[in-house]
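Okay, here's what each chain looks like letter by letter:
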Amino acid sequence: MNDNTSTPSRRLDPQPAADDPAVDPAHDSDEPAFEWMKGAPAAKSSDGTAADGAAAGRPAADDDAAHPDPAADEPAGRVQAGSRADRKAAEAAAAADGSSDVAPDVESDTGEPSSGGIPGAHYSEPLPTSALQIRPPREDVERRNAEREHAANAKPVLPRVMQVILAVFYPVILLVLAVRAVTSPLFLWAEYHRPGFPGDGYGFNSDDRMTYGSYAVDYLSNWSGPRYLGELVNRSGEKLFQDGEVSHMADVKLVILSAFGAGALLILVSIAAIIYLRRRSTGGVRRGLFAGSIVTLALIGGLAGLALLGWEQFFTEFHRIFFANGTWTFALEDTLIRLFPGQFWIDAGIVIAALVVLAAVVTLILTWPTRRRRGLPKRARKSRKGEGAEAESGADLGEDRSVRL
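Residues numbered from 1 in each chain as written. Predicted model: local features only at pLDDT ≥ 70, side-chain atom pairs only at ≥ 80, totals over all residues. Heavy atoms only, no water.

Details of the overall build of the chain
Rules: In this text, helices come from DSSP runs of H or I with a minimum length of four residues, and strands from runs of E with a minimum of two, each type numbered from the N-terminal end. Residue burial is assigned from relative accessible area. The probe radius is 1.4 Å, only protein chains are included, and a residue is buried under 20% of its type maximum, exposed over 50%, and partly exposed in between. Here, residues are in contact when the closest pair of their heavy atoms is within 4.5 Å.
Helix and strand counts for the chain come out as 14 helices and zero strands. Secondary structure elements of the chain, listed N to C terminal, follow the sequence α-α-α-α-α-α-α-α-α-α-α-α-α-α. Across the 405 residues of the chain, 24% fall into the buried class. Within the chain, counting contacts between residues at least 6 apart in sequence, those at least 24 apart form 66% of the total.

Re the pattern of salt bridges
Basically, it comes down to this: Counted as salt bridges are all cases of a side-chain nitrogen of Lys or Arg within 4 Å of a carboxyl oxygen of Asp or Glu.
This model, assessed by the stated rule, comprises ten salt bridges. For arginine 143, the salt bridge identified is with aspartate 140, shortest N-O distance 4.0 Å. Of this pair, arginine 143 and aspartate 140 are both found in helix α4 (residues 138-153), three residues apart, which corresponds to roughly one turn of the helix. Between glutamate 231 and arginine 227 there is a salt bridge, with the nearest N and O atoms lying 2.8 Å from each other. The same class applies to glutamate 231 and to arginine 227, which are both exposed. Among the charged side chains, a network of salt bridges with common partners joins Asp140, Arg143 and Glu147.

Side note on the packing of aromatic side chains
Note on aromatic pairs: each is described by the distance of the centres and the angle between the planes. Applicable threshold: The pairing test for Phe, Tyr and Trp rings, Trp by its six-membered ring, is centres within 6.5 Å, and the orientation test on the planes gives stacked under 30 degrees, edge-to-face over 60, and tilted for anything in between. Should the NZ of a Lys or the CZ of an Arg lie within 6 Å of a ring centre and within 35 degrees of the ring normal, that charge is described as sitting over the ring.
A full pass over the atoms with the stated rule returns 14 aromatic pairs. Each ring, one from tyrosine 219 and one from tyrosine 228, has its centre 6.1 Å from the other, and the planes form 15°; the classification is stacked. On the basis of relative accessible area, tyrosine 228 is assigned to the partly exposed category, the value being 28%. Among the aromatic residues, those joined into a cluster by ring pairs are Phe187, Trp311, Phe314, Phe315, Phe340, Phe344 and Trp345. Taking NZ or CZ as reference, lysine 253 lies 4.3 Å from the ring centre of tyrosine 219, over its face.

Observations regarding the packing of helix α5 (residues 157-182) against helix α13 (residues 342-366)
Our working definition: Helix axes are fitted only over the stretch in contact, all axes being lines through C-alpha atoms; the angle between N-to-C directions runs from 0 to 180 degrees. The scheme is simple: roughly parallel for angles under 35 degrees, roughly antiparallel for over 145, roughly perpendicular for 65 to 115, oblique for anything else. Here is the rule for handedness: rotate from the far helix to the near one, and if that takes an anticlockwise turn smaller than a right angle the crossing is left-handed, while a clockwise turn gives right-handed.
Where α5 meets α13, the axes come as close as 9 Å, and the angle between the chain directions of the two elements is 135°. Between α5 and α13, the angle is such that the two are oblique. Regarding α5 and α13, the two cross each other, and that crossing is right-handed. For the pair α5 and α13, the contacting residues are Tyr170, Leu174, Leu175, Ala178, Val179, Ala181 and Val182 in the first and Ala348, Val351, Ile352, Leu355, Val356, Ala359, Ala360 and Thr363 in the second.

Details of helix α10 (residues 284-309)
Heads up, the rule is: Here a helix's expected span is defined as the number of its residues, less one, multiplied by 1.5 Å.
Here α10 is 26 residues long and its end C-alpha atoms lie 38 Å apart, about the 38 Å a rise of 1.5 Å per residue gives. Looking at α10, one finds that the buried residues are Gly284, Val285, Arg286, Gly288, Leu289, Phe290, Gly292, Ser293, Thr296, Ile300 and Ala307. Where α10 is buried, its residues touch α5, α9 (243-280), α11 (311-322) and α13.

Examining the environment of isoleucine 294
With respect to the element layout, isoleucine 294 can be found in helix α10. The sequence separation of isoleucine 294 and proline 171 amounts to 123 residues, and the corresponding C-alpha distance is 9.1 Å.

Points about the nonpolar core
This is how it is decided: Here, nonpolar core refers to any group of buried Ala, Val, Leu, Ile, Met, Phe, Trp, Tyr and Cys residues whose side-chain atoms link them within 4.5 Å.
Leu188, Tyr192, Leu229, Phe241, Met249, Leu339 and Phe340 are the most contacted members of the largest nonpolar core, which has 41 residues in total. Where this core is concerned, the elements lending two or more residues are α5, α6 (185-192), α7 (206-221), α9, α10, α12 (335-339) and α13. Ignoring anything within four residues of it in the chain, the contact list for leucine 229 reads Tyr215, Ala216, Tyr219, Phe241, Val246 and Met249.

Focus: the packing of α6 against α7
Rules: Note on residue classes: Ala, Val, Leu, Ile, Met, Phe, Trp, Tyr, Cys and Pro are nonpolar, Asp, Glu, Lys and Arg are charged, and everything else, Gly too, is polar.
It is at 10 Å that the axes of α6 and α7 come closest, and there the two elements cross at 155°. Accordingly, the angle class assigned to the pair α6 and α7 is roughly antiparallel. Crossing angle aside, the handedness with which α6 passes α7 is right-handed. Where α6 approaches α7, its residues Pro185, Leu188, Trp189 and Tyr192 are matched on the opposing element by Ser206, Arg209, Met210, Gly213, Ser214, Val217 and Asp218. Along the lines of polarity and charge, the residues of the contact of α6 with α7 split into six nonpolar, three polar and two charged.

Considering α5
Note the threshold: Values of bend correspond, residue by residue, to the angle between axes fitted over the seven residues ending at that residue and the seven starting there.
Here α5 spans 39 Å end to end across 26 residues, near enough to the 38 Å set by a 1.5 Å rise per residue. In the structure, α5 departs most strongly from a straight axis at phenylalanine 169, where the bend amounts to approximately 30° and where the proline proline 171 lies between one and four residues downstream. Within α5, burial applies to Pro159, Met162, Gln163, Leu166, Ala167, Tyr170, Pro171, Ile173, Leu174, Val176, Ala178 and Val182. Elements that come into contact with the buried residues of α5 comprise α6, α9, α10 and α13.

Some remarks on the confidence of the model for the chain
For residues with low pLDDT, the predicted coordinates do not support detailed interpretation. Going by this rule: Confidence of the predictor at the level of single residues is given by pLDDT, which spans 0 to 100.
Overall, the predicted model of the chain reaches an average pLDDT of 75, with 61% of residues at or above 70. Within the model, the stretch residues 70-77 combines pLDDT values under 50 with two contacts to residues more than four positions away or in other chains.

Overview of the side chain of threonine 335
Counting through the fold element by element, threonine 335 comes out in helix α12. You can call threonine 335 buried: its relative accessible area is 7%. Aside from chain neighbours lying at most four places away, what touches threonine 335 is Phe204, Leu240, Phe241 and Glu245.

Notes on the environment of valine 252
Following the sequence through the fold, valine 252 ends up in helix α9. The sequence separation of valine 252 and tryptophan 328 amounts to 76 residues, and the corresponding C-alpha distance is 9.7 Å. Not counting residues up to four positions away in its chain, the partners in contact with valine 252 are Leu220 and Phe323.

Focus: a nonpolar patch on the surface
Put simply, the test is: Only residues whose relative accessible area exceeds 30% and that form no salt bridge are eligible for patches; like-charged ones are grouped when within 9 Å, while nonpolar side chains (Val, Leu, Ile, Met, Phe, Trp, Tyr) are grouped when within 5 Å. The protein chains shown are the only cover counted for residues, whose accessible areas, like all others here, come from Shrake-Rupley with a 1.4 Å probe.
A grouping of Leu299, Leu303, Leu306 and Leu309 is seen on the molecular surface, where their side chains present a nonpolar patch of about 410 Å² in accessible area. Owing to a relative accessible area of 76%, leucine 309 belongs among the exposed residues under this scheme.

The following block contains the structure:
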């Protein structure tokens, strides 16, 4: 095909440089610019002409003469290893064989084909995660499963510790609060005015007892020194409390204030435990208070049994725990005995025990582990007698049918 289109008059054809050996002005060459772009030499037919030359309409000899091939010196059928022609030949051979799984060769870091230059060879590289396919020993698998189950079923230690603290502190807190309720002017008034309370054989009436007894009770809870009681006088101008009585009241005050301080500290710790359990353990507060109420009832039951078996012995041993011998015994005409006779301490012990038991029982009822509080589903209601009989008859009929079958 000839191009007869006229060339514009103003267009200037590019003129190659005379001294440039890379450009051949004699003829337009189809030689590729790079070696890897060269194709494989065409196989000659039986009549001595090249296949591509015949297709183009010119002899192969002329084409070879016009375009010298640097690969002509090599043996026929051999191409440059790793070239694009090599890969194309491998793909063509794989397609001719009907294999669709053949992948082209992959060059290694050294530039050689990874398959060794064999056309049609399949290259497979091991996966980087192939080591994960190795199954560990059975002993390691069982050990890891056991550790995983133990970690899943194990409960945190701190919530349990908080529950134990709450259960242990709760009886002590109730006991301290009950003692604080007894050491008050209200209890004095109720005692001195209740029927059957023994009177004073040395001249104190109910008003005198209420006045002098209030001084003694107030001294136990204030921060005054021994002069608070040591400088009190009766109607005749004599000292109301002797030195031994004032010293004993000072010892009692130390015990009472220590108990109140310990109770306040336990209350603060219990509040902190309750706050922690409410945030970290569902039902932890309820379980701690429930256990604390049971411990309280057991403790009060034991102390009440000892008191009933022998009040005098119980009262004496109680004073020996907190006070030195000889510092808490007085004569019948002393003011402390006239204000606080033996019946007063019996009534005080009964009131303390009653208050503690009442609080423990209320706590026990409020924290009783019902199914709703434990988060369990409700039990199904019992069916009626007729439905039950019908179900039994149906079961018997099913058994008969199974026997017949």
